[in-house]
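# Understanding the architecture of this molecule
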Amino acid sequence: MPSISTTSKIEGTKAYATKVVFSGSTSTEREAVVAEVQSQTDAILVPPYDDFNIICGQGTTGLELEEQYLELLAQNPQLSAHGSSGSGLDAVITPIGGGGLNAGVATFFSDKKTRVYGAEPSFEGADDCRRGLEAGKRVTSVKSLSIGDGLRTPVGLLNWEVISDKTKVEGVFAVTEEQIKTAMRLVLERMKVVVEPSAVVGLAVCLFNEEFRRIVEKEGGEEGWDIGIVFSGGNTTVEAIGKLFS
């Protein structure tokens, strides 16, 4: 694990693992330590995101999200922007770090009408996926200290193949640190849900990214869209939250 990981992530990992090996904060430094551990122990690496099975596993998030949405509408059709005519999510947005979650969700929705988008922090170049799509080439390294610490890694090779396919992921948007904090405060105070900063970048895009909002306004018309937002984790502590908002 990166040595700058949040305390809750480190302690949570120690609860499951007999030994935690620390690395530097970048993906390059982490991969070097992984290679060293493998050479010493013959360990088998379970990739965090750049793996077919991991992508498929994370894609079940899309399955569960759609099921929850349809259950809610069955109970109360007026929750939909389209009223009783609503039959499916118009869009889903997930955070993007290594891209496993986004690629998996996009794969699940690839044969449906639901649009899939990605969200990243913009701080210190953490929006590598957005920048890569703009340049037409995958960004291979990221060195950022964004508060969205779960998203400080470049998109994996397999994930890039999915995310860069416009028929599967329609776009990726970035938000500032302050916008992430505002979204996190809203979730904590109004929804009463404990989330880490990385989790709310999708919500922050919906609230603050003008480019994304123009798309919804243009294509959704007066009705708007039914949007599913994936909150990707709650690895934080009271102390970390207090420091963030002090």
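Residues numbered from 1 in each chain as written. Predicted model: local features only at pLDDT ≥ 70, side-chain atom pairs only at ≥ 80, totals over all residues. Heavy atoms only, no water.

Under the annotation held in an unreviewed UniProt entry, the chain carries the name Tryptophan synthase beta subunit-like PLP-dependent enzyme and is attributed to Aspergillus minisclerotigenes. Listed in UniProt under the heading Cofactor (unreviewed entry), the comment for the chain reads: "pyridoxal 5'-phosphate". As recorded by UniProt, the Sequence similarities (unreviewed entry) comment attached to the chain reads in full: "Belongs to the serine/threonine dehydratase family." (UniProt positions renumbered as here; feature names shortened; annotations may be inferred.)

Among the nonpolar cores identified, the biggest contains 24 residues, and Tyr117, Val200, Val205 and Phe212 are the most heavily contacted of them. Ranked by the residues each element gives to this core, the list is headed by helix H8 (residues 201-208), at five residues. Non-local contacts of Phe212, meaning those with residues more than four positions away in its chain, are made with Tyr117, Phe173, Val205, Cys206 and Ile227. In terms of nonpolar packing, the next biggest core, distinct from the first, is built from 21 residues, Ile55, Val92, Val105 and Ala106 among them. (Core = buried A, V, L, I, M, F, W, Y, C linked by side-chain atoms within 4.5 Å. Buried < 20%, exposed > 50% of the residue type's maximum accessible area, 1.4 Å probe, protein only. Helix = DSSP H or I, 4+ residues; strand = E, 2+ residues; numbered from the N terminus. Contact = heavy atoms within 4.5 Å.)

This next bit is on unusual backbone geometry. Although it is not a glycine, Asp42 sits at a positive phi angle of roughly 60 degrees. On the secondary structure map, Asp42 appears in the loop between helix H2 (27-41) and helix H3 (52-75).

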